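# Results of the structural survey
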Amino acid sequence: LATEAGREAVIDVPEEVLDLLPPDARFRVAPRGEGGTPVTGRLRLIEPVADASTRARRLRIALGPAGADLRLGTLVTAQLDLPETVLLTLPIAAILTEGTTPQVWRIGAGRRAEAVTVQLGPRIGDRVVIETGLAEGDEVLVRGIHSVTAGETLGPRED
C-alpha cells in the first residue's frame, strides 16, 4: 500500500498472536521468491475488527525509506524482529488452577512428580506461555494431572 506517509506492508495474523506483539514491534519485510532485499518496518496499526471468516487481524507495517524500492502489490513475507529468546508454552490442560496460584507437575529425579508454581503469560490458542517456574528441557505431565500426588513415581514417557 502507498499512503501519504510512505509505503506499508499489510499482513494478516491470528488473533492470539497479538498478545505477543510489543506496541512498537519491528519487522523485517522481504519480497517473496528469489532475490529482493529485506527492509525494516514498524507496526503502525492493528485493525480493530477481525476478519469474520478467518478470525485474523490485519496489521499495517510502515516501511522504512528502503521500502520505496518495493513495487506496489508485491507479495511479501514479514518476520517479527525480536532478539531470539526461548518461549516456553504448555497446553492449557497441563495447568492446575484449583488453588490460588497456577501449578504444573514437573517430572523430577527418579521420575517422581513435583508440583511447581508457574507464572502464566499470554494465551496462544490452546496453549499458554510460561513466564517463570520452568526451564527449557523440563519434562512436564500433560495428561492425568488431577490423579497425581506429590512424590508419586510416574511410568516411562510415551512418545
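Report follows, based on the coordinates. (Residues numbered from 1 in each chain as written. Predicted model: local features only at pLDDT ≥ 70, side-chain atom pairs only at ≥ 80, totals over all residues. Heavy atoms only, no water.)

## Some points on the environment of Thr101
Assignment of secondary structure puts Thr101 in the loop between strand E7 (89-91) and strand E8 (103-107). Judged by relative accessible area, Thr101 falls into the partly exposed class, the value being 38%. When the C-alpha atoms of Thr101 and Leu120 are compared, they prove to be 9.7 Å apart, with 19 residues separating the residues in sequence. What Thr101 contacts, discounting residues up to four positions off in sequence, is Leu96 and Thr117. (Helix = DSSP H or I, 4+ residues; strand = E, 2+ residues; numbered from the N terminus. Buried < 20%, exposed > 50% of the residue type's maximum accessible area, 1.4 Å probe, protein only. Contact = heavy atoms within 4.5 Å.)

## Some remarks on the pairing of strand E9 (residues 113-117)
Where E8 and E9 come together, 5 bridges link them in antiparallel fashion. Bridge pairing in E9 links Ile107 to Ala113. With antiparallel pairing between neighbouring strands as the criterion, E8 and E9 make up a hairpin whose turn holds 5 residues, including Gly110 at a positive phi of roughly 70°. (Pairing = 2+ DSSP bridges.)

## Description of the side chain of Glu8
Of note, Glu8 is situated in strand E2 (residues 6-14). Here the side chain of Glu8 touches Arg44 through a polar contact of 2.2 Å, side chain to side chain. (Polar contact = N/O pair within 3.5 Å; in protein donor to acceptor, adjacent residues only side chain to side chain.)

## Looking at the environment of Arg106
Topologically, Arg106 is positioned in strand E8. In this structure Arg106 comes out as partly exposed when scored by relative accessible area, which is 22%. Counting along the chain gives 16 residues from Arg106 to Leu90, while the straight-line C-alpha distance between them is 12 Å. In this structure, Arg106 is in contact with Arg112, Ala113, Glu114, Val116, Gly133, Leu134, Asp138, Glu139 and Val140, ignoring residues within four places of it in sequence.

## What about the pairing of strand E5 (residues 56-63)?
Along E5, 7 of the 8 residues are buried, which leaves the element largely enclosed by surrounding structure. Strand direction decides the pairing type here: E2 and E5, joined by 7 bridges, are antiparallel. The residue bridging Ile11 from the neighbouring strand is Leu59, located in E5. Strand direction decides the pairing type here: strand E4 (residues 39-46) and E5, joined by 5 bridges, are antiparallel. If you follow Ile46 over to E5, its bridge partner there is Leu59.

## Remarks on the sheet that holds E7
Sheet architecture is open: 3 strands sit in the order E7-E11-E10, paired in antiparallel fashion. Looking along the sheet, the strands with just one partner apiece sit at the ends: E7 and strand E10 (119-124). The mean angle between the axes of side-by-side strands here comes to 35°, regardless of whether they run parallel or antiparallel. Relative to strand E11 (residues 127-132), E7 runs antiparallel, the two being bridged by 3 bridges. Of the residues in E11, the one forming a bridge with Thr89 is Val129. (Axes fitted to C-alpha atoms, helices over the stretch in contact; angles between N-to-C directions.)

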